[in-house]
Amino acid sequence: MTPTVLRHGDLVALVATSGWVPPERAHASAQVLAGWGLRVRIGPHALNRHFYLAGTDAERLADFNDAFRDPEVRAVLCMRGGHGAQRIVDGIDFAAVRADPKLMLGFSDITALHVAMWCETRLPTVHAPMAGGQLDDGPDNLTWHGIRRALMSTEPIVVTADEKQDTYEVRVAGRAEGILFGGNLTMLASTAGTRHTPDLRGAILLIEAVHEEPYRVDRSIMQLKRAGWFDGIAGVAVGQFTGCVDTGPSPTVQQVLAEQLAALDVPVLGGLPIGHGEHQIAVGLGVPAVLDADRGTLTVQPAGHE
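About the cut-offs
- Residues numbered from 1 in each chain as written.
- Predicted model: local features only at pLDDT ≥ 70, side-chain atom pairs only at ≥ 80, totals over all residues.
- Heavy atoms only, no water.
- Helix = DSSP H or I, 4+ residues; strand = E, 2+ residues; numbered from the N terminus.
- Rg over C-alpha atoms; globule rule 2.2 N^0.38 Å.
- Buried < 20%, exposed > 50% of the residue type's maximum accessible area, 1.4 Å probe, protein only.
- Contact = heavy atoms within 4.5 Å.
- Lys, Arg positive; Asp, Glu negative; His and termini not counted.
- Charge placed at Lys NZ, Arg CZ, Asp CG, Glu CD.
- Salt bridge = Lys/Arg side-chain N within 4 Å of Asp/Glu carboxyl O.
- Pairing = 2+ DSSP bridges.
- Axes fitted to C-alpha atoms, helices over the stretch in contact; angles between N-to-C directions.

**Considering the overall build of the chain**
If you tally the helices and strands in the chain, you get 9 helices and 14 strands. Whereas a compact globule of 306 residues would reach a radius of gyration of roughly 19 Å, the chain reaches 18 Å, a difference of no more than 12%. Across its three principal directions, the C-alpha atoms of the chain cover 45 × 40 × 35 Å. Within the chain, the fraction of its 306 residues that count as buried is 58%. In the chain, once contacts between residues fewer than 6 apart in sequence are set aside, the share between residues at least 24 apart is 82%. The averaged location of the 35 negative side-chain charges in the chain is 4 Å from the averaged location of its 25 positive side-chain charges.

Next comes the structure, spelled out in structure tokens:
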């Protein structure tokens, strides 16, 4: 179940599976993609708004399924996170996904879709900033290059731990190889106990979070531990834990991560610029990876092939 990388002239669909998308951001992203030589189609309901969602559940699901059912579409790019993916995940046409594998990109709330895609179809996906908010930052931005490389290149991606990242000191020595899987920690924890529970034995788990107080991070990790997600795991890749602070008497999120992850007795590498930070790198999920905590690198194979 490996999709092909994008080529000049390919059609990509911009969909909104979760929070509502400001139209100006969607159109700005479409212009960037067109500048890469791609054709762009914004889903017919993608700019709708229903409460805090991008349209009703039926509308958001229809755009997502229609994109996977259309043989002309070669990639499905989610435009915003927030909330809403879990409301539609059980209605996904997984038969259409299996029949015509395509690249799928997103992060944050889209973690629910990454998990479902892997459990139901074994489709590799791309953990990357949204196509409705960060593509138009320009070619001088690490995020811009990361998305383009993930969509249009078959070269492995090497992510180096950055000492400027707040999780840089979270590390346990060693080297691990396995399928990279994961995403937003809060969404992973909320998925535990549903019918989409991946077997992570021998895998490298990627986690990141935003605006979660340290005790909430601790709670999410404990939920995954008790649900068996860490059983037999090969290693943990720790991305950005952005704005995860508590103004009261509390351990830091770094202390919580260090204590919880060290107890696993597997290699752990923090400081990876993956997540909700200002600059972040896109990586494939459901693909082979090597985590080398001694060298401070995570090497990830591409999600697509030529």
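**Some words on the pattern of salt bridges**
In total, this model carries 14 salt bridges according to the counting rule given. In this structure, Arg74 and Asp100 form a salt bridge, with 3.0 Å as the shortest nitrogen-oxygen distance. Of this pair, Arg74 sits in strand 3 (residues 73-78) while Asp100 is found in the loop between helix 4 (94-99) and strand 4 (103-106), placing the two residues 26 residues apart along the sequence. One salt-bridge network, in which partners are shared between bridges, spans Arg39, Arg41, Asp70 and Glu72.

**A look at the side chain of Ser220**
Positionally, Ser220 belongs in helix 8 (residues 214-226). Beyond its immediate chain neighbours, meaning those up to four positions away, Ser220 contacts Leu185, Thr186 and Ala189.

**Let's talk about the sheet that holds strand 3**
In spatial order, the strands read 2-1-3-4-5-12; together these 6 strands make up an open sheet with mixed pairing. Only two strands of the sheet have a single neighbouring strand rather than two, namely strand 2 (39-42) and strand 12 (283-285). Ignoring which end each strand starts from, the neighbouring axes of this sheet average 25 degrees apart. Where strand 4 meets strand 5 (residues 125-127), 2 bridges bridge the pair, whose relative direction is parallel. Bridge pairing links Leu105 to Val126 in strand 5. Sheet strands in contact with helix 1 (residues 23-35) are strand 1 (11-15), strand 2 and strand 3, and its direction is about 160 degrees off that of strand 2.

**A closer look at the pairing of strand 3**
With 6 of its 6 residues buried, strand 3 lies for the most part within the structure. Examined bridge by bridge, strand 1 and strand 3 share 5 bridges and lie parallel to one another. Its bridge partner lying in strand 3, Val12 is registered against Ala75. Pairing between strand 3 and strand 4: 3 bridges, direction parallel. When the sheet's bridge partners are listed, Ala75 is paired in strand 4 with Leu103.

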